[in-house]
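Next come the chains, spelled out residue by residue.
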Amino acid sequence: MAHYDVIIVGAGAGGGVVAGVLAEAGRRVLLLERGAHLSYDEIARDHLRNHRLALYGHNTGPEPDGHPRVFVDPTGREQIVRPHEGGYHNNAMTVGGGTRVYGAQAWRFLPQDFRMASEYGVPEGSSLADWPISYDELAPDYERAEWEVGVAGDSDASAQHWPRERGYPMPPVTPCGAAPALQRAAAELGWPAFAVPLLINTTPYLGRPACTQCQHCVGFACPVDAKNGSQNTMLVRALASGNCTLVTHAQVDQVTVTPTGRVNGVRYYDAAGQQHNIQAEQVVVAAGAIETARLLLNSRSTAHRDGLGNAYDQVGRHLQGHYYPRVAALMPESVYDGIGPGVSIATTAFNHGNDGIIGGGMLANDFIVLPIIFWRGYMPPEIPRWGSAAKAFMRENYQRVTHVMGPVQDIPSPLARVTLDPQVRDRYGMPVARLSGTTHPETVRAAEFMWQRAREWLTAAGAERTWGTPPGLSLSGGQHQAGTCRMGEDPRTSVTDHWGRVHGHDNLFVADASLHVTNGGFNPVLTVLALAFRVARRMDAM
Amino acid sequence: MEVDLSALLSERQVLILRVLFDTLIPPDDYAGAWEAGSGNYLARQLQGDLADQLGLYRRGLDALDAEAQFRHGMAFAALDEVARNGLLAQIEQGHTAIDWPIDAAAFFGAACQHAAEGYYSDPGNGGNRDQVAWRMIGFEVKG
């Protein structure tokens, strides 16, 4: 029977980093990915099937059939959903995971983000908690992610908000679109605003070229491979070491244990449905917050009747993502210059310190918006969707409408959760993820507050009018899914210790956003990468 | 790839669809929905992702014509632009003068969405011929 030092489940942001670090350290690593290793042409530029608009399918998996989930909406109505349908909360399932097609915003969480309960207290019904580690402890891993995966940003501006030892390896993207107007407005309002840090090459870096500023960034793969994900950085290093075997189309359904309950490997199904049992000294689960929880819950045995790490019913709870209040504005003239990715200015003035609000979030301008997405969701509510008025609005104002939006810190609820559905199974016979609950109502209040700030910013920038509505109570998850195996010191209220090691298991780790105790008011990927460096660092020392 | 709608709809239904789509996105300096290929887009989708909506279209197009006959005494395709716009504004709200075998507002919503998907999405989906919609609004793919 095949035997490895380490098996990693999931070749996304976290799994790729752990594979790179441990394979270079000489460990024999098996990296299992349920999706495919897709070429640029396979991901393509289908405006109706991508990670910005998935009307009829996805460009990066999973396939429409055979991989359902069950979604229970806030009214309690449950439905079986396919990957591209609302409620599924999909993230890209391919080599590289979400990093293959993301917008690549490279934010560190702020020091306060690691101690939310201490800063704000815990509202009734919420599971808001402090992280077991501080910003300072994670800072070296953030820096490693910024340099070894590759971030372009404004080092001086960043240093005014984050304690940091070292700047970014590449200069920031050039301000484009509405950025100059928003920069002037921020100055008038007294809000610090600066270039969005991005995991995108603004100069040639690590052997790959600079961004060509195309119009299809977020939701799609990069045509020149200038967007930095795990698949073109740490995974390449893992494979180059000769110590890492990558197997795609491998759906793991169990982390296996010995009769005494010690983790000893995994069981997976290949594309043909053939079952494989592989043993290893250590197992790392990095399948994304929903699938990681599903896998641990499904890893039931005599010794662990409720799944691995789940003795206290914590696995799958506190599911978080981000609310995205968005305001659209009609500007006096064109603010479109066609220079991608488009997102280039942000403010962190409202991530904390907002009177009566728990947390807050970052606000930024938007990526270039695909025309069909604009037609569907970016026109003012009173403009008809058909007839000459609709066509005229599109024609006259596509280049004059701009947006400000941003991720609001999710105030977690233990009732927002992933469980195993008792009836529905996937094509391999594995129980599917069942998603239920909503975020805590404090998140809605924070989102309304941030929506007002977005409107204020656009109005100060000269908007003739603004529109949009703040989001209502719902489940957060999606591309920023997090929190389902949170770190902590107490096994009764967390799943892993402060190294990402599952309580009660010395050789089982989690290395994805499941670990996040809270999810910050920022795009979470840099934190996912940094935590994966941290987990790998600990494993390397064992 | 051009798809022949006649395999899916009757000649009369295709005519109603064409006029419907060109009322939803009318031609002016820039192509309307039909010339841009929204019909071609729909034909492909009715044999793919939207195969389950073929019945909705067949019944909806027939009902739209019957509605025009009842209200105006002539076929939908024969109505002038003002009358078509007025009729569709009623259908959009679900206000029909005759009984429809399907939800009239749902049919209108689907047609409205599909016409726009063909028109504004990438030409690879079968519409937006020569990127006409993108040229019109100023979305240029440069890289």
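Residues numbered from 1 in each chain as written. Chains lettered and ligands numbered in written order. Predicted model: local features only at pLDDT ≥ 70, side-chain atom pairs only at ≥ 80, totals over all residues. Heavy atoms only, no water.

> Is there a simple way to think about the overall build of chain A in this case?
In terms of helices and strands, chain A carries 12 helices and 16 strands. Its C-alpha atoms give chain A a radius of gyration of 22 Å, near enough to 24 Å, the size a compact globule of 542 residues would have. Counting only C-alpha atoms and orienting by the principal axes, one finds that chain A spans roughly 70 × 50 × 45 Å. Within chain A, buried positions represent 65% of all 542 residues. When contacts within chain A are restricted to residue pairs at least 6 apart in sequence, long-range pairs at least 24 apart make up 73% of them. Within chain A, one finds 45 positive and 51 negative side-chain charges whose respective centroids are separated by 4 Å. (Helix = DSSP H or I, 4+ residues; strand = E, 2+ residues; numbered from the N terminus. Rg over C-alpha atoms; globule rule 2.2 N^0.38 Å. Buried < 20%, exposed > 50% of the residue type's maximum accessible area, 1.4 Å probe, protein only. Contact = heavy atoms within 4.5 Å. Lys, Arg positive; Asp, Glu negative; His and termini not counted. Charge placed at Lys NZ, Arg CZ, Asp CG, Glu CD.)

> Which parts of the structure should I look at to understand the overall build of chain B?
Looking only at helices and strands, chain B has seven helices and zero strands in total. Each helix and strand of chain B, ordered N terminal to C terminal, gives the series α-α-α-α-α-α-α. Over its C-alpha trace chain B gives a radius of gyration of 15 Å, about what one expects of a compact globule, namely 15 Å for 143 residues. When its C-alpha atoms are laid out on the principal axes, chain B stretches across 50 × 30 × 25 Å. For chain B, with 143 residues in total, the buried portion stands at 52%. In chain B, once contacts between residues fewer than 6 apart in sequence are set aside, the share between residues at least 24 apart is 63%. Looking at chain B as shown, the accessible area adds up to about 6,200 Å², and 46% of this sits on carbon and sulfur atoms. (Areas by Shrake-Rupley, 256 points an atom, 1.4 Å probe, with all protein chains shown as cover.)

> Before we go on, may I ask you to explain the sheet that holds strand S14 (residues 431-436) of chain A in this structure?
Backbone-to-backbone hydrogen bonds pair the strands of a sheet. The strands run either parallel or antiparallel. All names here are of chain A. Ordered by their spatial adjacency, four strands build an open sheet running S4-S3-S14-S13, and the pairing between neighbours is mixed. The sheet is open, and its two edges are formed by strand S4 (78-81) and strand S13 (417-425), each paired on a single side. On average, each strand axis in the sheet is tilted by 30° relative to the strand beside it, whichever way the strands run. Where S13 and S14 come together, five bridges link them in antiparallel fashion. Across the sheet, residue Leu420 finds its bridge partner in S14, namely Ala433. The strands touched by helix H8 (residues 289-298) are strand S3 (69-72), S13 and S14; relative to S13, the strand with the most contacts, the crossing angle is about 65°. (Pairing = 2+ DSSP bridges. Axes fitted to C-alpha atoms, helices over the stretch in contact; angles between N-to-C directions.)

> Where do I start with the interface of chain B and chain A in this structure?
How large an interface is tends to be reported as the accessible area lost when its parts come together. In this assembly, 38 residues from chain B lie in contact with 27 residues from chain A. Summed over both partners, the interface of chain B with chain A buries about 2,700 Å², with 59% contributed by carbon and sulfur atoms. Counting the surface chain B buries against chain A, the share from its top three residues, B:Tyr120, B:Ile137 and B:Phe139, is 23%. Taken together, the links from chain B to chain A amount to four salt bridges. Between B:Asp28 and A:Arg395 there is a salt bridge, with the nearest N and O atoms lying 3.8 Å from each other. In this structure, the connection of chain B to chain A is made through 16 residue pairs in polar contact (both at pLDDT 80 or more). Contributing elements (two or more residues each) for the side of chain B that touches chain A: helix H1 (11-24), helix H3 (38-46), helix H5 (81-92), helix H6 (104-120) and helix H7 (132-137) of chain B. Considering every element that reaches the side of chain B that touches chain A, the biggest residue donor is H6(B), with eight residues. Taken together, the residues that form the side of chain B that touches chain A break down as 20 nonpolar, 10 polar and eight charged. (Buried area = accessible area lost by both parts, 1.4 Å probe. Salt bridge = Lys/Arg side-chain N within 4 Å of Asp/Glu carboxyl O. Polar contact = N/O pair within 3.5 Å; in protein donor to acceptor, adjacent residues only side chain to side chain. Nonpolar A, V, L, I, M, F, W, Y, C, P; charged D, E, K, R; others polar.)

> Help me out: how do you make sense of helix H4 (residues 135-150) of chain A in this one?
Because the α-helix completes a turn every 3.6 residues, residues three or four places apart line up on one side. Looking at H4(A), one finds that the buried residues are A:Tyr135, A:Leu138, A:Ala139, A:Asp141, A:Tyr142, A:Glu143, A:Ala145, A:Glu146, A:Val149 and A:Gly150. Against helix H7 (234-240) and helix H12 (525-540) of chain A lie the buried residues of H4(A).

> Explain helix H4 (residues 54-72) of chain B to me, please; I cannot follow it from the model alone.
All names here are of chain B. With 19 residues, H4 extends 27 Å from end C-alpha to end C-alpha; this agrees with the ideal 27 Å at 1.5 Å per step. All of the buried residues in H4 are Leu54, Leu56, Tyr57, Gly60, Leu61, Ala63, Leu64, Asp65, Glu67 and Ala68. Once H4 finishes, Gly73 follows within two positions and takes phi at roughly 75°, a positive value. (Expected span 1.5 Å × (residues − 1).)

> Sorry if this is basic, but what is going on with the packing of aromatic side chains here?
The description of two aromatic rings rests on the distance between their centres and on the angle between their planes. All names here are of chain A. Evaluated as defined, the whole model comprises 25 aromatic pairs over all chains. Judged by centre distance (6.0 Å) and plane angle (35°), the ring pair of Trp107 and Trp162 falls under tilted. Remark: Trp162 occurs in the loop between helix H5 (155-159) and helix H6 (179-189) and Trp107 occurs in the loop between S4 and helix H3 (116-120); sequence separation between them is 55 residues. Its relative accessible area of 2% is what places Trp162 among the buried residues. For the pair Tyr135 and Tyr142, a centre-to-centre distance of 6.1 Å together with 35° between the ring planes defines the contact as tilted. (Phe/Tyr/Trp six-rings, centres within 6.5 Å; stacked < 30°, edge-to-face > 60°.)

> What is the right way to look at the nonpolar core in this model?
Buried together is how nonpolar side chains tend to be arranged in soluble globular proteins. Counting residues in each nonpolar core, the largest one holds 107 residues, and the members touching the most others are A:Val18, A:Leu199, A:Val255, A:Leu508 and A:Leu529. No other element matches the 11 residues that H12(A) contributes to this core. Once residues within four sequence positions are removed from consideration, A:Leu529 is found in contact with A:Ala13, A:Val17, A:Ala145, A:Val149 and A:Leu199. With 76 residues, the next largest nonpolar core counts B:Ala68, B:Trp100, B:Phe107 and B:Ile137 among its residues. (Core = buried A, V, L, I, M, F, W, Y, C linked by side-chain atoms within 4.5 Å.)

> Can you walk me through the packing of H1(B) against H5(B) in this structure?
Helices that pack against each other are described as a pair by the angle of their axes relative to one another and the distance between those axes. Residue and element names in this part refer to chain B. Look at H1 against H5: their axes get within 11 Å of each other, and the N-to-C directions meet at 85°. The pairing of H1 with H5 is recorded here as roughly perpendicular in orientation. Where H1 approaches H5, its residues Val19, Leu20, Thr23 and Leu24 are matched on the opposing element by Arg84, Asn85 and Leu88. A per-class count over the contact of H1 with H5 returns four nonpolar, two polar and one charged. (Parallel < 35°, antiparallel > 145°, perpendicular 65-115°, else oblique.)

> What exactly am I supposed to notice about the environment of A:Tyr4 here?
Residue and element names in this part refer to chain A. Considering the arrangement of structural elements, one finds Tyr4 in strand S1 (residues 3-9). Residues Tyr4 and Gln279 lie 275 residues apart in sequence; the distance between their C-alpha atoms is 6.3 Å. Apart from the residues lying within four places of it in its own chain, the contact partners of Tyr4 are Arg28, Val29, Leu30, Thr245, Ile278, Gln279, Ala280 and Glu281.

> Whenever I open this one, the side chain of A:His516 confuses me. Can you help?
Residue and element names in this part refer to chain A. Within the secondary structure layout, His516 lies in the loop between strand S16 (508-510) and H12. Taking relative accessible area as the criterion, His516 reaches 0% and is therefore assigned buried. When neighbours within four sequence positions are excluded, His516 is seen to be in contact with Phe109, Trp131, Gln320, Ala482, Gly483, Arg486, Pro524, Thr527, Val528 and Leu531.

> Teacher, can you tell me more about the sheet that holds strand S15 (residues 465-467) of chain A here?
All names here are of chain A. Strand order in the open sheet formed by five strands is S10-S11-S12-S9-S15, and the pairing between neighbours is antiparallel. Where the open sheet ends on each side, the last strands, each with one partner, are strand S10 (346-347) and S15. Examined bridge by bridge, S10 and strand S11 (residues 363-365) share two bridges and lie antiparallel to one another. Within the sheet, the bridge partner assigned to Thr347 lies in S11 and is Leu363.

> Looking at this structure, I do not really get the environment of B:His114. What am I missing?
Within the element layout of this structure, B:His114 appears in helix H6. Residues B:His114 and B:Trp100, 14 residues apart in the sequence, show an inter-C-alpha distance of 21 Å. In this structure B:His114 touches A:Tyr56, B:Tyr41, B:Leu42, B:Leu50, B:Gln53 and B:Tyr57, once residues within four positions along its chain are discounted.

> Help me out: how do you make sense of the packing of H4(B) against H6(B) in this one?
Residues and elements named next belong to chain B. Two numbers describe how H4 lies on H6: the axes approach to 10 Å, and their chain directions differ by 110°. Looking at the two axes, H4 sits roughly perpendicular to H6. Contact with H4, carried on its side by Leu56, Tyr57, Gly60 and Leu61, involves Phe107, Ala110, Ala111 and His114 of H6 and no other residues of that element. Tallied by class, residues from the contact of H4 with H6 come to six nonpolar, two polar and no charged.

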